[in-house]
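Remarks on the overall topology
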Amino acid sequence: MMREAFVDTTTELLAEQPRTALVLADISAASFAPAAGRHPDRVLNVGIREQLMLGVAGGLALTGLRPIVHSYAPFLVERAYEQIKLDLDHQGVSAVLVGIGGSYDRAESGRTHLSPADVALIDTLDDRWTVHVPGHADEVPALLRAAVDSDGPAYLRLSTLANDRARGGDGALTVVRDAGPGAPLLVAVGPVLDAALAAVADLGVTVAYTHRPRPFDVAGLRALAGAEVILVEPYLAGTSARVVGDALADRPHRLLALGVGRRELRRYGSADDHTRWHGLDAAGLRRSVSAFLAPGRG
Amino acid sequence: MDFKLQASGMTIMTASTATPGADPPCRPPSLPPQIAALLERIRAGREFGPNVYSTIDVLRVLYERVLRITPATVDAPDRDRFLLSKGHAVAGYYAVLAARGFVPADWLDDHGGPDSRLGDHPDRVLVPGVEIGSGSLGHGLGLGVGTALGLRAQGLTTPRVYVLLGDAELDEGSNHEAIAYAGAIGLPNLTAVVVDNASASHGWAGGIAARFTVNGWSAATVDGRDHDALHAALTGQDGTRPHVVVAVVENGE
């Protein structure tokens with residue numbers, strides 16, 4: 001599980017690097033109790049106070065520490081958005097934000113615990129942000145370590161949804177299935193890869209994977225893309241459409257941007273149910289991709 | 001005029017009653033010629049809001065008598081920190097920074113210009129000695145709590161962190177997250193200064209200091225024009241918990 005990988009790696013980082021600090025707002029506090037016992041000055045649980053969580057992170061960074069900030073994505077990114085904008089970016093300091101809950105991991109909890117817009121919101125900030133969307137728990141340790149070691153702002157988006165196996169790499173687009181020159185290119189971000197591979201198994205579509213939508217691998221995209229690009233993201237549909245559009249501005253191309261829809265479904269159920277309802281399961285993706293590639297379209 | 005002393009926490013400061021109560025609203029306090037001249041350069045013929053004159057005395061006492069920071073130590077890890085949370089109180093702030101040599105005085109003449117480093121709200125990236133960029137109310141105290149914790153985590157127990165807020169700024173709920181948490185953990189190197197010019201739309205029934213003391217802070221409420229009283233209050237920390245100074249001034253908006 002990604003969350004456990006995050007807890008284990010962060011616990012190691014706190015022991016290895018005196019510069020790291022962890023700021024919590026009750027979420028996962030019990031999992032970090034051993035680390036808090038060893039590093040009481042650097043594991044800080046402010047209670048259910050997300051604005052303060054980010055403000056404290058900004059203050060820690062102003063003194064030279066490297067804060068890791070963690071909660072459910074809606075509370076980390078959406079509730080405290082202005083603190084991210086002002087207490088980190090505007091102060092010229094940064095932190096590593098680690099969100100759990102993904103788009104609809106907590107489907108049974110309803111709208112209050114869903115945050116498909118998290119990456120889109122981060123994408124409104126300074127363009128120095130790195131966004132990591134691991135597709136498997138085993139991808140988490142290296143991504144978290146790289147984010148902490150860098151001095152820039154980073155958002156790690158963890159989910160209970162995952163692919164069958166981890167894929168390494170530095171976030172550059174990696175071809176998982178090659179349909180040859182000129183074939184439509186499907187870019188899968190993080191945990192949607194397995195469904196995307198199944199969806200186009202018998203279609204002539206090249207599939208590339210990334211767990212780092214920001215900065216998006218523009219050079220890799222330009223090298224792989226033909227006239228048709230399909231983007232499959234596990235968060236708000238179209239979040240990376242502008243990046244792809246900018247990257248291919250000098251080429252005639254068509255883009256299909258798939259992801260989580262904007263409409264509030266007002267349904268509980270499971271994460272798998274929501275995957276299906278948003279058309280992000282293999283069958284739904286296949287329907288969308290087939291329609292996009294159907295002869296005569298465009 | 002008389003100031004109601006709030007017997008808050010363990011600390012009760014004696015406020016001066018010598019200040020005449022006859023100042024009409026918005027009249028500048030008596031200022032030394034250097035500060036007055038610098039303020040005039042920033043003002044450049046415009047009207048200053050009441051916040052400028054309500055804050056200048058606190059700023060002067062902090063920079064002239066309390067803060068261990070000079071233009072040579074703006075990056076020193078063990079410097080005291082001053083965080084201006086009410087970022088609109090900027091004219092007096094810039095004047096004091098210029099008077100103390102943090103910024104060249106001629107920067108004041110181009111306040112808000114396209115190439116100026118000095119805007120209507122301060123930007124820490126642009127102005128030496130400015131610890132935070134502020135303007136949106138309710139951000140300074142959380143940053144101050146984090147700064148105090150960061151210093152503690154690095155074994156820097158000498159420097160103090162001062163955060164200046166306004167009574168109306170306390171309307172923002174983020175302040176109350178910081179007040180409750182700092183009190184709960186007994187953060188001794190944090191001092192909040194609330195300039196109270198009675199500008200909060202709905203007031204603070206029961207007093208401002210009570211918001212802090214109920215959470216375990218020590219508090220002093222003093223005449224915000226009385227430099228000796230301010231100095232005593234601003235250095236009145238007991239070393240075991242966060243401290244608030246409520247500086248009462250008469251210039252309401």
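Please read all numbers here as calculations on a predicted model, not as lab measurements.

1. Some words on the interface of chain B and chain A
Counting residues at the interface gives 24 residues for chain B, matched by 25 residues for chain A. Taking both partners together, chain B and chain A bury about 2,100 Å²; carbon and sulfur atoms supply 57% of that area. Considering only the side of chain B, the residues that lose the most area to chain A are His139(B), Glu177(B) and Tyr181(B), jointly responsible for 29% of the buried surface there. Taken together, the connections running from chain B to chain A amount to one salt bridge. Residue Arg152(B) is joined to Asp41(A) by a salt bridge in which the shortest nitrogen-to-oxygen separation is 3.4 Å. Every element with two or more residues in the side of chain B that touches chain A is listed here: α4 (140–153) and α5 (173–185) of chain B. Per-element tally for the side of chain B that touches chain A: the top contributor is α4(B), with 10 residues. Split into classes, the residues belonging to the side of chain B that touches chain A amount to 10 nonpolar, nine polar and five charged.

2. Details of the pairing of strand β8 (residues 185–189) of chain A
One face of the sheet, then the other: side chains in a regular strand alternate in exactly this way. Residues and elements named next belong to chain A. Burial of β8 is extensive: five of the five residues sit out of reach of the surface. Residues Leu185, Val187 and Val189 point to one face of β8 and Leu186 and Ala188 to the other, with burial holding for every one of them. Where β8 meets strand β9 (residues 206–210), five bridges bridge the pair, whose relative direction is parallel. Opposite leucine 186, over in β9, you have valine 207 as the bridge partner. In terms of handedness, the path from β8 via helix α8 (residues 193–199) over to β9 forms a crossover that is right-handed. Sheet topology note: the β8/strand β10 (residues 228–236) ladder contains four bridges and is parallel. Bridge pairing in β10 places valine 187 opposite leucine 231.

3. Structural notes on the domain arrangement of chain A
All names here are of chain A. For chain A, the assigned domains read domain 1 (2–157) and domain 2 (174–291). The C-alpha centroid of domain 2 is placed 26 Å from the C-alpha centroid of domain 1. Taken together, the contact between domain 1 and domain 2 spans 25 residues of the former and 25 residues of the latter. Buried area between domain 1 and domain 2, both sides added, is near 1,900 Å², and the carbon and sulfur share of it is 63%. Interface area lost by domain 1 to domain 2 is led by Tyr104, Asp123 and Val133, which between them contribute 33%. Linking domain 1 to domain 2 there are two salt bridges. Between arginine 242 and aspartate 123 there is a salt bridge, with the nearest N and O atoms lying 2.9 Å from each other. The interface formed by domain 1 and domain 2 includes 10 residue pairs in polar contact (both at pLDDT 80 or more).

4. Here we look at the pairing of strand β3 (residues 66–72) of chain A
All names here are of chain A. Burial analysis of β3 places seven of its seven residues in the buried class, which makes it a mostly covered element. Pairing geometry for strand β1 (residues 20–24) and β3, over five bridges, is parallel. Along β3, the bridge assignment pairs valine 23 with valine 69. Bridging between β3 and strand β4 (residues 96–100) involves five bridges; their strand directions are parallel. Looking across to β4, one finds that valine 69 is bridged to leucine 97.

5. Quick word on the packing of aromatic side chains
We describe a pair of aromatic rings using the distance from one ring centre to the other and the angle between the two ring planes. All names here are of chain B. By the definition in use, this model includes eight aromatic pairs over all chains. On the numbers, 5.9 Å between centres and 70 degrees between planes, the contact of phenylalanine 48 with tyrosine 53 is edge-to-face. Side by side, phenylalanine 48 and tyrosine 53 carry an identical accessibility label, which is buried. Ring centres of phenylalanine 82 and tyrosine 93 lie 5.7 Å apart, and the angle between their planes is 65 degrees; this geometry places the pair in the edge-to-face category. Placement of the pair is phenylalanine 82 in strand β1 (residues 81–84) and tyrosine 93 in helix α3 (residues 90–99), with a sequence separation of 11 residues.

6. Overview of the side chain of Arg167(A)
Residue and element names in this part refer to chain A. For arginine 167, the position within the fold is in the loop between β6 (154–157) and β7 (174–177). Look at arginine 167: it is buried, it has no salt bridge, and the nearest opposite charge is aspartate 194 at 5.0 Å. Filtering out sequence-adjacent residues up to four positions away, arginine 167 remains in contact with Glu139, Val176, Leu193, Leu197, Tyr209 and His211.

7. Some remarks on the environment of Gly203(B)
Residues and elements named next belong to chain B. Looking at the element boundaries, glycine 203 is found in the loop between β3 (190–196) and α6 (208–213). Classification of glycine 203 by relative accessible area gives partly exposed; the value is 35%. Through-space distance from the C-alpha of glycine 203 to that of aspartate 167 is 8.2 Å; in sequence the pair is 36 residues apart.

8. Description of the sheet that holds β10(A)
All names here are of chain A. In space, the five strands of this open sheet follow the order β7-β9-β8-β10-β11, with mixed pairing throughout. Two strands in the sheet have a free side with no partner beyond their single neighbour: β7 and β11 (254–260). Shown here is a sheet whose adjacent strand axes are inclined to one another by a mean of 25 degrees, direction ignored. On the sheet, helix α12 (residues 282–293) packs against β8, β10 and β11 and is oriented at approximately 165 degrees with respect to β11.

9. Quick look at the sheet that holds β1(A)
All names here are of chain A. Taken together, the six strands give an open sheet; going across it, the order is β2-β1-β3-β4-β6-β5, and neighbouring strands pair in parallel fashion. At either end of the open sheet lies a strand with only one pairing partner, and these are β2 (43–45) and β5 (130–132). This sheet shows a mean twist of 15 degrees between the axes of neighbouring strands, independent of strand direction. In terms of strand pairing, β4 meets β6 through four bridges, oriented parallel. Each residue of the ladder has a partner; that of leucine 97, found in β6, is tyrosine 155. In the packing of helix α1 (residues 2–16) onto the sheet, the strands contacted are β1, β2, β3 and β4, and the crossing angle to β1 comes to about 135 degrees. Packed on one face of the sheet, helix α3 (residues 50–62) meets β1, β2, β3 and β4 and runs near 170 degrees to β3.

Here is what the cut-offs are and how they apply
- Throughout, a residue's number is its position along its own chain's written sequence, starting from 1.
- Written order determines the labels here, with chains lettered from A and ligands numbered from 1.
- Side-chain atom pairs in this predicted model are given and counted only at pLDDT of 80 or more, local residue features only at pLDDT of at least 70, and totals for whole chains, interfaces and linings cover all residues.
- Note that the side-chain values use all heavy atoms of the structure and ignore hydrogens as well as water.
- Two residues qualify as a contact provided that any one of their heavy atoms is within 4.5 Å of a heavy atom in the partner residue.
- Values labelled buried area give the accessible surface lost by two parts on being combined, using a 1.4 Å probe and summing over both.
- When a carboxyl oxygen of Asp or Glu is within 4 Å of a side-chain nitrogen of Lys or Arg, the pair counts as a salt bridge.
- Helix and strand assignments follow DSSP, with helices taken as H or I runs no shorter than four residues and strands as E runs no shorter than two, numbered in order from the N terminus.
- Note on residue classes: Ala, Val, Leu, Ile, Met, Phe, Trp, Tyr, Cys and Pro are nonpolar, Asp, Glu, Lys and Arg are charged, and everything else, Gly too, is polar.
- Residue exposure (1.4 Å probe, protein chains only): buried if accessible area is under 20% of the type maximum, exposed if over 50%, otherwise partly exposed.
- Any two strands are treated as partners once DSSP identifies two or more bridges connecting them.
- Orienting the strands away from the viewer, one traces the path from the first strand over the helix to the second; a clockwise path indicates a right-handed crossover.
- A domain assignment, automatic or from a database, supplies the domain bounds used here.
- Throughout this description, a polar contact denotes any pair of N or O atoms lying within 3.5 Å of each other; where both atoms belong to protein, one of them has to be capable of donating a hydrogen while the other can accept it, and for residues adjacent in sequence the pair is counted only when both atoms sit in side chains.
- Two aromatic rings from Phe, Tyr or Trp, using only the six-membered ring of Trp, form a pair when their centres are within 6.5 Å; if the ring planes differ by under 30 degrees the pair is stacked, by over 60 it is edge-to-face, and anything between is tilted.
- The positive count covers Lys and Arg only, the negative count covers Asp and Glu only, and His and the chain ends enter neither.
- Axis lines are fitted through C-alpha atoms, for helices just across the contact stretch, and the angle between N-to-C directions can take any value from 0 to 180 degrees.

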